[in-house]
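Geometric and topological summary
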Amino acid sequence: MVQKHFGQELDQLKNSLTQMTSLVTSQITMAAEALEKGDLELCRVVKSRDKEIDAYENLIQAQCENLFALFQPVATDLRYIMSAMMVNNQLERCGDIAVNIVQRAQKTADHRQLIVKSQILDMLRAAQSMTLDAISAFLHNDVDLARKVIAQDDVVDNFNKQIFNDLVERMKKDPQVVEPGAHLIVLTRQIERMADHSTNIAEDVVFLVEAQIVAHRELSAGSEKPSATS
Amino acid sequence: MENNSEKIIVNNLDLYYGKKAALDNINLSILSNKVTALIGPSGCGKSTFLRCLNRMNDLIPGVLIKGTVLINGRDIYESSVDVVSLRKKVGMIFQKSNPFPKSIFENVAYAPRVNGINNKKELFEIVEKSLRKAALWEEVKDNLDKSGLSISGGQQQRLCIARSLAVEPDILLMDEPASALDPISTSKIEDLIFELKANYTIVIVTHNMQQAARVSDKTAFFYMGELIEVGDTKMMFTQPTNKRTEDYVSGRFG
């Protein structure tokens, strides 16, 4: 029976996405801990596990392609598979950012005070929270949580601006700060991108649940609905 | 020629086969120069509904029809309506192609001839025009004397469409016109439907969800004799409002 076969393939995709989200969550959590504690061993672990995320990205893309080609999904099924493809891509980038974070953590391990004073850890916690919430919203079709994530993006953007200005001031005052400061500016840019990817995932959740495209606009589209006759 | 005027307006249509209700209070407007797809599981009433649009059900013993079917503003079930004239204006294409056991030319020329056109030149013009409209002319123009039964299934179906077009209908009813055809022939029929809607109003019954999605502007979902939902095809296949519609178009039942 085709529908049963489709259901099985869809379950496999969901299972892969669950594994992928679990891996990305773990990578981001470890990267944040590595930065906070200056834990170089943890940095090494994060780097070594990135290939697993890349492999899942390829697997999920292939699963989505098969579902499109073999079953021609429509309506909610169609949106789920489209969302899965988009979220898959965002998750892989979040995985890359976890690696970038630990690379900067390795290069700034001797500058713990600078990291703490410049509020980078606060920014990272805010972005990390967005990512975990976005993943949770996707796994549970939680559109309220998704909207909360979208609203949080400004908080991280503001951190980014403040920290940039703060680091520039510190670099002006002390040449010793220039090199770690430059690494930390790159780091904050990465964290800001992580928040952006989380926002994208949250927008995908709104599309999945409400069939509304909310990216790049304030308001959701008022599209014509079919008329229910009974 | 494209507009959004209502070509067919169906009001409170009930149809009974004996005591069994096959259609229950159908209300549906079909727009001019649009393709409207009727979908639903077997026995849902979609073909019965289609046949109501040119009074084909009149031929079935024990059928009772209530309600009105307005075509161009006139109720086709009024006693004064000439059913033969009605069926000239509302042509029908069936699931299985049914050319006459005559030449390709005579298949298309048959109805105009019955209607009194005997001038050879005029008949030829009608045949050529109809075959061109049915996207068959280039394939058969050198073999017009060949039997209509000798060409492929896909060509036979387009010949039947040409035969319908020869009497200059306003509306074409199609009951699963491509269900017995291979993908290439199906594609040609679908392309043809797309082209024909510029000049005709088309209502198509199909079990092929992807075909409904590809060819139609509006889709109406029937279930157990009721019209459950009707809307723009794009919306019906992406955001149907009724759960039964979603379950059906997703292949979860039917």
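Scroll up to find the structure this text is about.
From a predicted model like this one, the values you see are computed outputs, not experimental measurements.

**Points about the pattern of salt bridges**
A complete count under the given rule lists 27 salt bridges over all chains for this structure. For the salt bridge of A:Arg193 with A:Asp196, the shortest nitrogen-to-oxygen distance reads 2.9 Å. One end of the pair, A:Arg193, and the other, A:Asp196, are both in helix α7 (residues 178–210), three residues apart, so they sit about a helical turn from each other. A residue is classified by how much of its surface remains accessible, and A:Arg193, at 26% relative accessible area, is partly exposed. The class of A:Asp196 is buried, set by a relative accessible area of 15%. Across the pair B:Lys121 and B:Glu125 runs a salt bridge whose closest N-O atoms are separated by 3.2 Å. Taken as a pair, B:Lys121 and B:Glu125 lie in helix α4 (residues 120–133) at a separation of four residues, close to a single helical turn. Judged by its relative accessible area of 44%, B:Glu125 is partly exposed.

**Examining the nonpolar core**
The biggest cluster of nonpolar side chains holds 67 residues, and the ones touching the most others in it are A:Leu13, A:Leu35, A:Tyr80 and A:Ile101. Of all the secondary-structure elements, those providing two or more residues to this core are α1 (2–37), α2 (40–71), α3 (75–107), α4 (112–117), α5 (120–139), α6 (143–173) and α7 of chain A. Ranked by residues supplied to this core, first place goes to α1(A) with 13 residues. In this structure A:Ile101 touches A:Ala31, A:Leu35, A:Leu124, A:Leu187, A:Ile191 and A:Met194, once residues within four positions along its chain are discounted. Grouped together as the second largest cluster of nonpolar side chains are 45 residues, B:Ala109, B:Ala162, B:Leu192 and B:Tyr200 included.

**Overview of a nonpolar patch on the surface**
Among the surface-exposed residues, A:Met82, A:Met85 and A:Met86 lie close enough to one another that they form a single nonpolar patch of about 220 Å² accessible area. Residue classification places A:Met82 among the partly exposed positions, given a relative accessible area of 32%.

**Brief notes about unusual backbone geometry**
Residue and element names in this part refer to chain B. For Asn72, which is not a glycine, the phi torsion comes out positive at approximately 50°. Inspection of the secondary structure assignment puts Asn72 in the loop between β4 (63–71) and β5 (74–75). At Glu168, a residue that is not glycine, the phi angle is positive and equals roughly 55°. Secondary-structure assignment places Glu168 in the loop between α6 (153–165) and β7 (171–175).

**A short note on the packing of aromatic side chains**
The relative placement of two aromatic rings is captured by the distance of their centres and the angle of their planes. Scanning the entire structure with this criterion turns up 11 aromatic pairs over all chains. Ring centres 5.2 Å apart and planes at 55° place the aromatic pair A:Phe6 and A:Phe71 in the tilted group. Residue A:Phe6 is located in helix α1, and its partner A:Phe71 is located in helix α2; the two are separated by 65 residues in the primary sequence. This pair shows no difference in class: A:Phe6 is buried, exactly as A:Phe71 is. Centroid distance A:Tyr80 to A:Phe138: 6.0 Å. Interplanar angle 10°. Geometry classified as stacked. One end of the pair, A:Tyr80, is in helix α3; the other, A:Phe138, is in helix α5, and 58 residues separate them in sequence. With a relative accessible area of 3%, A:Phe138 lands in the buried category. Taken together, the aromatic side chains of B:Phe221, B:Tyr223, B:Tyr248 and B:Phe253 make up a single cluster linked through ring pairs. In this structure, A:Lys14 packs its charged tip against the face of A:Tyr80, placed 5.2 Å from the ring centre. In this structure, B:Arg163 packs its charged tip against the face of B:Phe100, placed 4.2 Å from the ring centre.

Quick notes on the rules
Residue positions are given per chain, counting from 1 as you read along its sequence in written order. Just so you know, chain letters begin at A and ligand numbers begin at 1, following the order they were written in. Given that the model is predicted, a residue must reach a pLDDT of at least 70 before its local features are reported, and side-chain atom pairs must reach 80 or more before they are shown or counted; all residues, however, enter totals for whole chains, interfaces and linings. To obtain the side-chain values, all non-hydrogen atoms of the structure were included, while hydrogens and water were left out. For this document, the term salt bridge refers to a Lys or Arg side-chain nitrogen within 4 Å of an Asp or Glu carboxyl oxygen. The secondary structure listing takes helices from DSSP runs of H or I that are at least 4 residues long and strands from runs of E that are at least 2 residues long, numbered from the N terminus. Note on exposure labels: buried denotes an accessible area under 20% of the residue type's maximum, exposed denotes more than 50%, and partly exposed covers the range between, all computed with a 1.4 Å probe on protein chains only. To qualify as a nonpolar core, a set must consist of buried Ala, Val, Leu, Ile, Met, Phe, Trp, Tyr and Cys residues joined through side-chain atoms within 4.5 Å. Note on contacts: a residue pair qualifies if any of its non-hydrogen atoms lie within 4.5 Å across the two residues. Residues enter patches when their relative accessible area tops 30% and they take part in no salt bridge; the joining distance is 9 Å for like charges and 5 Å for the nonpolar side chains Val, Leu, Ile, Met, Phe, Trp and Tyr. Note on areas: Shrake-Rupley, 1.4 Å probe, and residue coverage restricted to the protein chains presented here. Note on aromatic contacts: the rings of Phe and Tyr and the six-membered ring of Trp form a pair at centre separations within 6.5 Å, being stacked when their planes are under 30 degrees apart, edge-to-face when over 60 apart, and tilted otherwise. A ring has a charge above it when a Lys NZ or an Arg CZ is no more than 6 Å from the ring centre and no more than 35 degrees off the ring normal.

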